Amino acid sequence: RSDSIDSAISAMLLFETDSVIGVRPEVDEYYRHNGSGLEAVRANPLLRLEREDLFRGVGQMYIVRRQFFEAQGKILGGKIGHVVLDQSSALYLRSDWDLRIARLHAAELAQKPAPKRARL
């Protein structure tokens, strides 16, 4: 959606990043195997600290500063910023099930009247 792209560009300018990606926050509890069993990724599963938050890149939106791309030849790198996308904007089609959900959502959106835009 255009507002997601606007947010990503604003984040790039505000935080002076080289690239910005679309992400979804991961709220489930995650564990990793340490060789002898599982341990929580977060130090304290009951206390959530912002620095321990996990985000999943949704892969549909990459914004890159032109100068960075021309110098590095990469879309993602340098100082990376992010914009949190809603679940609808972050839908990634990896399976027939995802496609079915996308079609149902598209049909639902087609039935809703378009929102009125503010005049600038």
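Just so it is clear, the model here is predicted, and its values are computed rather than measured.

## Considering the side chain of Asp98
Along the polypeptide, Asp98 turns up in helix H3 (residues 96-111). Buried Asp98, no salt bridge; nearest opposite-charge side chain is Arg94, N-O distance 4.1 Å. Within the structure, the side chain of Asp98 is placed 3.0 Å from the backbone nitrogen of Arg94, a separation counted as a polar contact. Residues within four places of Asp98 in sequence aside, it is in contact with Leu91, Tyr92 and Leu93.

## Looking at the confidence of the model for the chain
Across the chain, the average pLDDT comes to 86, with 89% of residues at 70 or higher. For the chain, per-element mean pLDDT is lowest for strand S4 (residues 54-64), which scores 86, and highest for helix H2 (residues 66-72), which scores 96.

## Concerning the environment of Gly57
Its location among the elements puts Gly57 in strand S4. Separated by 34 residues in sequence, Gly57 and Val23 place their C-alpha atoms 4.4 Å apart. Once you skip the residues sitting within four places of it in the chain, Gly57 turns out to touch Gly22 and Val23.

Reading the values: rules and limits
Residues numbered from 1 in each chain as written. Predicted model: local features only at pLDDT ≥ 70, side-chain atom pairs only at ≥ 80, totals over all residues. Heavy atoms only, no water. Helix = DSSP H or I, 4+ residues; strand = E, 2+ residues; numbered from the N terminus. Buried < 20%, exposed > 50% of the residue type's maximum accessible area, 1.4 Å probe, protein only. Lys, Arg positive; Asp, Glu negative; His and termini not counted. Salt bridge = Lys/Arg side-chain N within 4 Å of Asp/Glu carboxyl O. Polar contact = N/O pair within 3.5 Å; in protein donor to acceptor, adjacent residues only side chain to side chain. Contact = heavy atoms within 4.5 Å. pLDDT = per-residue confidence, 0-100.

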